[in-house]
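# Coordinate inspection notes
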Amino acid sequence: MESDETWSLDLSDLPVSRRANEIACAVEKNAVTVIIGETGSGKTTQIPQILLKAGVIAEDKAVCVTQPRRVAAVSVAKRVAEEMRVRVGEEVGYGVRFEDRTSTATRIKYVTDGTLLRELLEDPQLSKYSIVVLDEAHERSLNTDILFGVLKKLVTTRAEKFRLVITSATLDGEKFSRYFGSPVFTIPGRTYPVQIAHSTHAPRSYFESAIETVMDIHLNAGPGDVLCFLTGRDEIEKCCRRIEDAVRTTRQCMDMQVLPLYASLTPDMQSRVFQPHDANVRRVIVATNIAETSLTVPGIVFVIDPGVVKQIEYDAATGMESLQVVQISKVQAQQRAGRAGRTQAGRCYRLYTKDALEHDMPKVTRPEIQRTCLVATILYLKTLDLKDLDVMTFDFLDAPDPDLIADALRQLYLLGGIDDDGNPTRVGREMSTLPLEPSLARAMVEARHFGCVLETATVAAMLSVGQHYDEATSLLELVSHDDFLMGDHIVLLRVFQAWERDGYRRSFLKRFSLSERGMEFARDIRKQLLGLVEVTRTSHDQGLRMLRRSLCVGFATKIAHRLPHHNGYRTLGEHSTLCQVYPTMARQLADDDGLLPEWILFHEFVLTSRPYLRYVCKIESEWISKQREMLSKKIDIHRLSRGALNPSLSSQLNTKPTATEVDVGLKAPGARKTTEEDISAARERYLARKRKALD
DNA sequence: GAGCACTGC
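Residues numbered from 1 in each chain as written. Chains lettered and ligands numbered in written order. Predicted model: local features only at pLDDT ≥ 70, side-chain atom pairs only at ≥ 80, totals over all residues. Heavy atoms only, no water.

Chain A has the name RNA helicase in an unreviewed UniProt entry, where Ostreococcus tauri is given as its organism. The Catalytic activity (unreviewed entry) comment attached to chain A in UniProt states, word for word, "ATP + H2O = ADP + phosphate + H(+)". Its UniProt record gives chain A the following Sequence similarities (unreviewed entry) comment, quoted word for word: "Belongs to the DEAD box helicase family. DEAH subfamily." (UniProt positions renumbered as here; feature names shortened; annotations may be inferred.)

### Section: the sheet that holds strand E2 (residues 62-67)
Ordered in space as E4-E3-E5-E2-E6-E7-E1-E8, the 8 strands form an open sheet in which the pairing is mixed. Across the chains shown, the open sheet's two edge strands, defined by having one partner strand only, are strand E4 (99-101) and strand E8 (184-187). The sheet shows a mean angle of 20 degrees between the axes of neighbouring strands, direction not considered. (Pairing = 2+ DSSP bridges. Helix = DSSP H or I, 4+ residues; strand = E, 2+ residues; numbered from the N terminus. Axes fitted to C-alpha atoms, helices over the stretch in contact; angles between N-to-C directions.)

### Considerations on unusual backbone geometry
Residues other than glycine seldom take positive phi values, yet Phe98 does so here, at roughly 70 degrees. Mapped onto the fold, Phe98 is located in the loop between strand E3 (92-96) and E4. The class of Phe98 is partly exposed, set by a relative accessible area of 36%. (Buried < 20%, exposed > 50% of the residue type's maximum accessible area, 1.4 Å probe, protein only.)

### Some words on the side chain of Ser550
Its location among the elements puts Ser550 in helix H21 (residues 545-554). For Ser550, a relative accessible area of 0% puts it in the buried group.

### With respect to the packing of helix H12 (residues 375-383) against helix H13 (residues 402-414)
Where H12 meets H13, the closest approach of the two axes is 8 Å, and the angle between their N-to-C directions is 75 degrees. Taken together, H12 and H13 sit at an angle that is classed as roughly perpendicular. Contact residues: H12 offers Val375, Ile378, Leu379 and Lys382, while H13 offers Ile405, Ala408, Leu409, Gln411 and Leu412. Tallied by class, residues from the contact of H12 with H13 come to 7 nonpolar, 1 polar and 1 charged. (Parallel < 35°, antiparallel > 145°, perpendicular 65-115°, else oblique. Contact = heavy atoms within 4.5 Å. Nonpolar A, V, L, I, M, F, W, Y, C, P; charged D, E, K, R; others polar.)

### Comments concerning the protein's contact with DNA strand B
Taken together, 35 residues lie around DNA strand B, and Arg70, Ala263, Thr608, Tyr612 and Arg614 are the ones closest in. For DNA strand B, the fraction of atoms within 4 Å of the protein that belong to sugar or phosphate moieties is 68%. Take Pro435: an N or O atom from its main chain is 3.4 Å from a base nitrogen of DNA strand B. For the surface near DNA strand B, the per-class residue count stands at 13 nonpolar, 11 polar and 11 charged. (Near = heavy atom within 4 Å. Polar contact = N/O pair within 3.5 Å; in protein donor to acceptor, adjacent residues only side chain to side chain.)

### Comments concerning the confidence of the model for chain A
When the pLDDT values of chain A are averaged, the result is 86; 90% of them are 70 or greater. Per-residue pLDDT stays below 50 along residues 1-10; that stretch engages in 24 contacts with residues further than four places along the chain or on separate chains. Low pLDDT, under 50, characterises residues 645-675; the predicted model gives this stretch 54 contacts beyond four residues in sequence or across chains. (pLDDT = per-residue confidence, 0-100.)

Now the structure itself:
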């Protein structure tokens, strides 16, 4: 369900409402119910109301509905409150980061899936809720996938009645049904017909083919706006220019307005898509995947789908991330085509053959949990204290590659988040309470000891945000020469501090061409962090040594050493990799001889045209002797995979020193080791599933 | 001297 649904329908006549009784009975009777509701079925807004009216929710409890995105959680809550004629925050409310609009009267609560994960840490029984609805399950976000496993377990263990409802937009309910052992309801949607045309042969270039298709529609088809999917910013900007040129050189055609749409575009530019326009001008929106789920562009009649998308991949061996252009799945193709039928009948031009769709494209997108670094996920599962947890054999809907889990365990151990027996340490528990990625969370924990919480919180907040400044920013006015030499972390700190001194004014951001969205987000995160971590003392940190030493602890697994005679680097660790500092960042770091620091830590390691380190900070070799020693030692992954079997043992072990303080080879008595067989069995199951998925 | 999709606590 989209937040910006434009049509108005008779609510009592929504497809889902017609089966209200059946749905309520099924949820009452079954621990888990899967509901497949296509676009326009009304599932997101109606199911909670149906359950409330039917009395399936215990009187003193609520139903919690998760959404993958904030805006959706907020706007759906507002809409349901309107339908029920109550104010938001009363019977209907929402909870997202930085904002909780609920009260004791709240019976229907919309949250982001991340918020529910947080609530689980505080209250593992979710005692406030009778029912949890995991909405948009087909998107398979990392957070939803974690919730699948955790809530599936809770359904069988909670003493009080607890029901789980999974709603998905794809027709592939069988998979969910098999996993949860639940019945499936399929509810038709309400959209306008979309006529689909496939290419008769594979185009040589999807980019050129997209431009040709836009022009073909413009010259030959009737009125209606066009939505064309492409993979990224550069490609989109280039495409927009090419289309504009083509229109300019074509005589006798109607006017056209070409608009790019992607996430890193300023909000001003993004909003142009939603502004009314002259009906005599054809609008062409060239967009990334943002237009597939997050934003609904109004008035689209024609969709052009080149069949590709840019996707993140993580290589556990080297710790390197890459964004790769890959084929979309059949489900995505269906979703894209659906964008043409939102307000009237439409047409979708697929720039690939019907044969390619049927035989080459995967049925569903590979879930994020199989493509990303899992340190945060594994730490989360460990700190939940699930009974008999072995992360290698945890009941995921689609298990990640064991190498991915092993990598996460190794990193978590090196950071001191888990001990020799795989139990979460006190440090690990502290880390998991912070809304930060693990390396930054670890640095924050360390900052307390070094007395540099304020500075570390600022850097962590800035690094949590993608955009800060651009080429037009005159950093030299904000950052001293000496600070520049220490790297991006310090530059980000100084930029934030300059804004803070200025009283957080918008004019300051404009003057220095700083990203409003990014900086204000960083300010919110920083405030949140300072509310969670006590500021122990404020030191006069000469050369910001304490800050950088805290970072060394958090980024123990992300250190690089410069090669002797030039500015190339080599990452530390078992699979040491040659790489370079991202050019814009290196420019600031080089000393008078043009040489970069001998030792640096890095925030990101990404493969683009080459392996690049992004956001780097100069460090001293004597600060990382322990980290280097740890990195070179052999770690027993089998032992880390399985934690203590009972909570009392677990809490006893939590007082043990962290990994950075103990010898790696040391064996603690008592814990059962996960054997080599367990791991190979897990691997076998994973490979079998993968084979099956490919069939 | 390069060029990063999208979310979120």
